[in-house]
Amino acid sequence: MQTASTFLNTWFSRPVHRSRFLWFIVLIGLGIAGNILKIELFFNVDFLFGSMFALITLQFFGLLPGILAAAVISTWTIVLWNHPYAIIIQAAEVAVVGWVTTRRNIGLIAADVLYWICCGMPLVALFYMGIMHVSVHGVLLVMVKQAINGIMNALFARLIVIGFSIRHRHTPVSIRDIVQVSSFFILLVPVVALIAIESRIDSSRTDTRIQTTLRQQSKQLAYLIDLWINHRKTTICRLAKLAASENADQTGRTLQILQEADSHYDAIALTDPQGTVLLSAPDLDRTGSATTGKTLTDRPWYPIRKDIQQAMLTDVFADDRRNSASPVAAMVAPVAAGDRLLGYIEGILNLDPIRNQLEAAAFDEALSFSLIDRNGKVVFTDRPGQPAMKPIERPKGTLRRIDESIGLWLPDMPANSSIMERWKNTRYITMRLIDEVSGWRLVLEHSLGPDRKDLFDKYSQELTMLFAFLLAALALTEWLSRCSIAIFDQLCTITGRLPDRLLDGSEDPAVEPWPRSMVTESKTLIDNFDKMVRILVAKYREIQQSSDALRKRTQELWEANQSQKLEISARQKAEALLQKLLSEKEVLLREIHHRVKNNLAAIIGLIDLQSRKMSDSLHRDSMTELCARIRSMSLVHEQLYHSDNLSRIDFQAYLESLVQHIVASYEHQEDIVIHTNAQGVLMGLDEAVPCGLIVTELLTNAFKYAFPPEIACHWNRSCIVEVSAARDNDTVCLSVSDNGVGLPSDPDWAHIETLGLTLVKMLGQHQLRGKIEVDRTSGTTIRIIFPVKK
């Protein structure tokens, strides 16, 4: 692992700085992902893996990048835990571990354990208890959990670095480190995994039990309340039918009898459609005033009286007939004769039976109830500080739906507080509709506080025991690692002295106090070392004896080498002379080709001068064709003169020059398009000269006969001549084709009368030993296929 100074000296000087920086960013990204993809033990107690990548960065890049990576990675804990103190704790972890491993030569795991005992756990206590005021058992749980989490991340980080170093041969790894980390991993990880699984099972079992209890109690209470309400509805509906059919006196007696017989009604009244009391039982209110003739427009059901088509339970309100301040509700039913509305029957209900049922059901201190009306006003509740006939007051938070009937209320935690404390005010909530017409609802809430406290206490003890087990396991793995490599340390010391003993000329360097071991593998290794050393000593003596003979033989070889050097010097001089003669020969050949080319050019010039004095066009054309034949031979020598290879020429360049000269010799042929293609074809002098003469004859014939005056070469009819040469293994195909009028018939090569075709036949069949093919399918194509000379 690099120190800070080594890192600063090498980071900006290496040519791979960009890739190192990229890997640095990748490790930070993986660390943030490790914090996001956490493993939750139980409610808001998580195992994070971000510090693992910070410790990997520490081992690969050094102290300063490790601290920076830890600070950046741990910023996500602000989102998870609602406070910034984890940044300080994790950055301090990397700083202390890096300093200890560099300065004190202590392993990464041991250094991390020392950090958590001496620094990390006191920092957790300071921040959580001193600043955030977390409870004692909560602080104990966080201290132990974070210590175990940090040590496990250090274990995984060291395992990854060891695996990388072994796989890519990055840096040597000691057996002691491998044994210690592997043993610690085998002892610690299964225990932590079992605790994590057990905690998840316990938490899930507790949640399931709470949800099942809430569903059952909510269903039972809702059924009882709904049954009580339906009984009151039945009574009011019967009374409304009687009021529609009886006279006022009979109705009054019925109201009086019903009010006295049914204790669930505090008062029953008959009102007209405008809300004026016509009949009432009892006749007087709590002040002694008569109720008949009063208007009840202050009742909550009055604004919607026209919409009442059946008996319904109204919203809660305060009744002036009762001395108590408890809320009451009315059961209201319309009195109608046919389609004519006569009035309403209003029964003021005594809701104490409902309250008694709710209070009897709330035997669990974690369970609370609230009965609310259509507008969300509280009818009854045992929530402390919650007034009746007011909406339920809750702190800010989030309701997480579990299913259609149950949700989990998660309160928002204030800044700079531990989100782990959220469980104290977290509760499961179920809401059930009591009566669809009235819209009353029953809300049951179960606080998670008592159950979560039991879980916290249980796993605080288990994690504390695990931490003690962890310290014991560290001591055990340290002892195992020391015992396992002690014998190897002795072997390294002994074998390190053997070369010096051999060089010192000891009489018997194989005699060494080899260590004794009761481990089978170590004993076998020591015996093999002893046997190997004795064999090496014997071989060393033989080598020493052979060394003298080798020195003598070396002297003889040196003397022979001196004589060989003289012979090699003579050969080098002879090779230099041959190279000089070869260069002179090459210069001579180039000069010959140049002189031949100049002589042929002179002949062409003389013939051209002579042809200009001739008045006969036939003879002048013959002279022009003769010049073209000579120029084709001259171009071969010119190509060889300019070529690096004096034995072969590039036939493509030769064709381009040849065609250019032939076109220049014929006037009025500027409309004919000529294509050449001989890429990659090389020819010797014996092949290039005949091929040049053949191309000259065939191209001349194409100019003279393929495109007569009556065939105009213009934009909608191109006159094309193609000259190509292609090599296929040991043969070359030379082709000249045009899209002109074509030959009238295939030529009889046995009885050729024209000089041009006679020359083509002689050169193609006899000199090149090839085969001539004629194709008159589209224009004229003449091919000469001949073998290549080796």
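Because the structure is a prediction, the values reported are computed rather than measured. (Residues numbered from 1 in each chain as written. Predicted model: local features only at pLDDT ≥ 70, side-chain atom pairs only at ≥ 80, totals over all residues. Heavy atoms only, no water.)

**Q** Mind showing me how you'd approach empty space enclosed by the protein here?
**A** Any empty space left between atoms is shown by rolling a water-sized probe over those atoms. Counted by the stated rule, this structure contains 3 cavities of 30 Å³ or more. In this structure, the largest cavity spans a volume of roughly 120 Å³. Taken together, the elements giving at least two residues each to the lining of the largest cavity come down to α3 (50–61), α6 (85–103) and α8 (136–168). Counting residues per element, the lining of the largest cavity draws most heavily on α8, which supplies 5 residues. (1 Å grid on protein atoms, 1.4 Å probe; cavity = no way out; pocket = protein on both sides within 12 Å on 5 of 7 lines; lining within 4 Å. Points joined across faces, edges and corners; volume = space filled by probe spheres on them. Helix = DSSP H or I, 4+ residues; strand = E, 2+ residues; numbered from the N terminus.)

**Q** Whenever I open this one, the pairing of strand β11 (residues 406–411) confuses me. Can you help?
**A** Residues in a regular strand point their side chains to alternate faces of the sheet. Within β11, 6 of the 6 residues are buried, which leaves the element mostly enclosed by the surrounding structure. Burial of the side chains of β11 extends over both faces: I406, L408 and L410 are buried on one face and G407, W409 and P411 on the other. Taken together, the 5 bridges between strand β10 (residues 397–401) and β11 define a ladder with antiparallel strand orientation. Among the inter-strand pairings, L399 is bridged to a residue of β11, identified as W409. Connecting the antiparallel pair β10 and β11 is a turn made up of 4 residues. As defined by bridge partners, β11 adjoins strand β12 (residues 427–433) across 4 bridges and the pair is classed as antiparallel. (Buried < 20%, exposed > 50% of the residue type's maximum accessible area, 1.4 Å probe, protein only. Pairing = 2+ DSSP bridges.)

**Q** Just to check I follow, could you spell out the nonpolar core for this structure?
**A** Nonpolar side chains tend toward joint burial in soluble globular proteins. W116, Y128, I148, F184 and L188 are the most contacted members of the largest nonpolar core, which has 72 residues in total. The element contributing the most residues to this core is α8, with 14 residues. Core analysis: the next-biggest nonpolar cluster, separate from the first, contains 45 residues, W228, M331, L351 and L358 among them. (Core = buried A, V, L, I, M, F, W, Y, C linked by side-chain atoms within 4.5 Å.)

**Q** Mind showing me how you'd approach the packing of helix α7 (residues 108–131) against α8 here?
**A** The description of two helices packed together rests on the angle between their axes and the distance between the axes. It is the contact of α7 with α8, at a shortest axis distance of 9 Å, that shows an interaxial angle of 150°. Comparing the axis directions of α7 and α8 gives the class roughly antiparallel. For α7 against α8, the interelement crossing comes out right-handed. Contacts from L108, I109, D112, V113, W116, M121, V124, A125, Y128 and M129 in α7 reach V136, V139, V142, M143, V144, Q146, A147, G150, I151, A154, L155 and R158 in α8. Looking at the contact of α7 with α8, its residues break down into 18 nonpolar, 2 polar and 2 charged. (Axes fitted to C-alpha atoms, helices over the stretch in contact; angles between N-to-C directions. Parallel < 35°, antiparallel > 145°, perpendicular 65-115°, else oblique. Left-handed = near helix turned anticlockwise from the far one by under 90°. Contact = heavy atoms within 4.5 Å. Nonpolar A, V, L, I, M, F, W, Y, C, P; charged D, E, K, R; others polar.)

**Q** I keep staring at the environment of R232 and nothing clicks. Help me out?
**A** By the element assignment, R232 lies in helix α9 (residues 175–245). In the structure, R232 is positioned 30 residues away from D262 in sequence and 9.6 Å away in space, judged by C-alpha atoms. When sequence neighbours within four positions are dropped, the list of residues in contact with R232 reads D262, H264, Y265, M331 and L349.

**Q** Where do I start with the pattern of salt bridges in this structure?
**A** Close approach of charged atoms allows side chains of opposite charge to pair. Enumeration over the complete set of coordinates arrives at 16 salt bridges. Here E773 and R783 are joined by a salt bridge, their closest N and O atoms 4.0 Å apart. One end of the pair, E773, is in strand β19 (residues 771–775); the other, R783, is in strand β20 (residues 780–787), with 10 residues separating them in the sequence. Note that D775 is salt-bridged to R783, the shortest N-O span being 3.9 Å. (Salt bridge = Lys/Arg side-chain N within 4 Å of Asp/Glu carboxyl O.)

**Q** I would appreciate a short explanation of the confidence of the model for the chain in the present structure.
**A** Note: predicted coordinates in regions of low pLDDT should not be interpreted at a detailed level. Confidence along the chain averages 79 in pLDDT terms, with 84% of residues attaining 70 or more. Of all secondary-structure elements in the chain, the lowest mean pLDDT belongs to helix α1 (residues 4–11), at 42, while helix α4 (residues 63–73) reaches the highest, 92. (pLDDT = per-residue confidence, 0-100.)

**Q** For this particular structure, what's the right way to read the packing of aromatic side chains?
**A** Each aromatic ring pair is described using two quantities: the centre-to-centre distance and the angle formed by the ring planes. Within this structure, the stated rule accounts for 4 aromatic pairs. A centroid spacing of 5.9 Å and a plane angle of 75° characterise the contact between F24 and F61, whose relative ring orientation is edge-to-face. Taken together, the residues F24 in helix α2 (residues 17–36) and F61 in helix α3 connect sequence positions 37 residues apart. Side by side, F24 and F61 carry an identical accessibility label, which is buried. Ring geometry for Y115 versus W116: centroids 5.1 Å apart, planes at 70°, classification edge-to-face. (Phe/Tyr/Trp six-rings, centres within 6.5 Å; stacked < 30°, edge-to-face > 60°.)

**Q** Can you walk me through α3 in this structure?
**A** Between its terminal C-alpha atoms α3 stretches 17 Å, which fits the 16 Å expected from 12 residues at 1.5 Å a residue. Across the 12 residues of α3, 11 count as buried, placing the element largely inside the fold. Along α3, the residues classified as buried are G50, S51, M52, F53, A54, L55, I56, T57, L58, Q59 and F61. G62 sits one or two positions beyond α3 and adopts a positive phi of about 110°. (Expected span 1.5 Å × (residues − 1).)

**Q** Would you explain the sheet that holds β19 in this entry?
**A** The strands that make up a sheet pair up through hydrogen bonds in the backbone, lying either parallel or antiparallel. The 5 strands lie next to each other as β15-β17-β18-β20-β19, forming an open sheet whose pairing is mixed. Edge positions in the sheet fall to β15 (672–677) and β19, since each has one partner strand and no second. Ignoring strand direction, the axes of neighbouring strands in this sheet form an average angle of 10°. Contacting β15, β17 (719–728), β18 (731–738) and β20, helix α16 (residues 685–706) runs over the sheet at an angle of about 15° to β18.

**Q** Would you take a moment to explain the side chain of E462 for this structure?
**A** With respect to the helices and strands, E462 occurs in helix α12 (residues 449–503). Although buried, E462 forms no salt bridge, and the nearest oppositely charged side chain, K458, lies 4.4 Å from it. Not counting residues up to four positions away in its chain, the partners in contact with E462 are I195 and E198. (Lys, Arg positive; Asp, Glu negative; His and termini not counted.)

**Q** Is there a simple way to explain the environment of R20 in this structure?
**A** Summarising the element assignment, R20 is placed in helix α2. Sequence spacing of R20 and F60 is 40 residues, and the spatial spacing of their C-alpha atoms is 9.8 Å.

**Q** Quick question: what am I supposed to make of the sheet that holds strand β5 (residues 312–313) here?
**A** A sheet is described by the order of its strands in space; here 5 strands give the open sequence β4-β3-β7-β6-β5, paired in antiparallel fashion. Strands at the two margins of the open sheet, each flanked by one partner only, are β4 (277–281) and β5. Bridge count for β5 against strand β6 (residues 329–337) is 2 bridges, and the pairing is antiparallel. By the bridge assignment for β6, L313 is matched with M331.

**Q** When you look at the packing of α4 against α6 in this model, what are you seeing that I'm missing?
**A** Remark: α4 packs on α6, axes separated minimally by 8 Å, with the N-to-C direction vectors making an angle of 160°. Classed by the angle they form, the pair α4 and α6 counts as roughly antiparallel. Remark: the crossing between α4 and α6 carries right-handed chirality. The residues of α6 that touch α4, namely those facing L63, G66, I67, A70 and A71, are I87, Q90, A91, V94, A95, G98 and W99.

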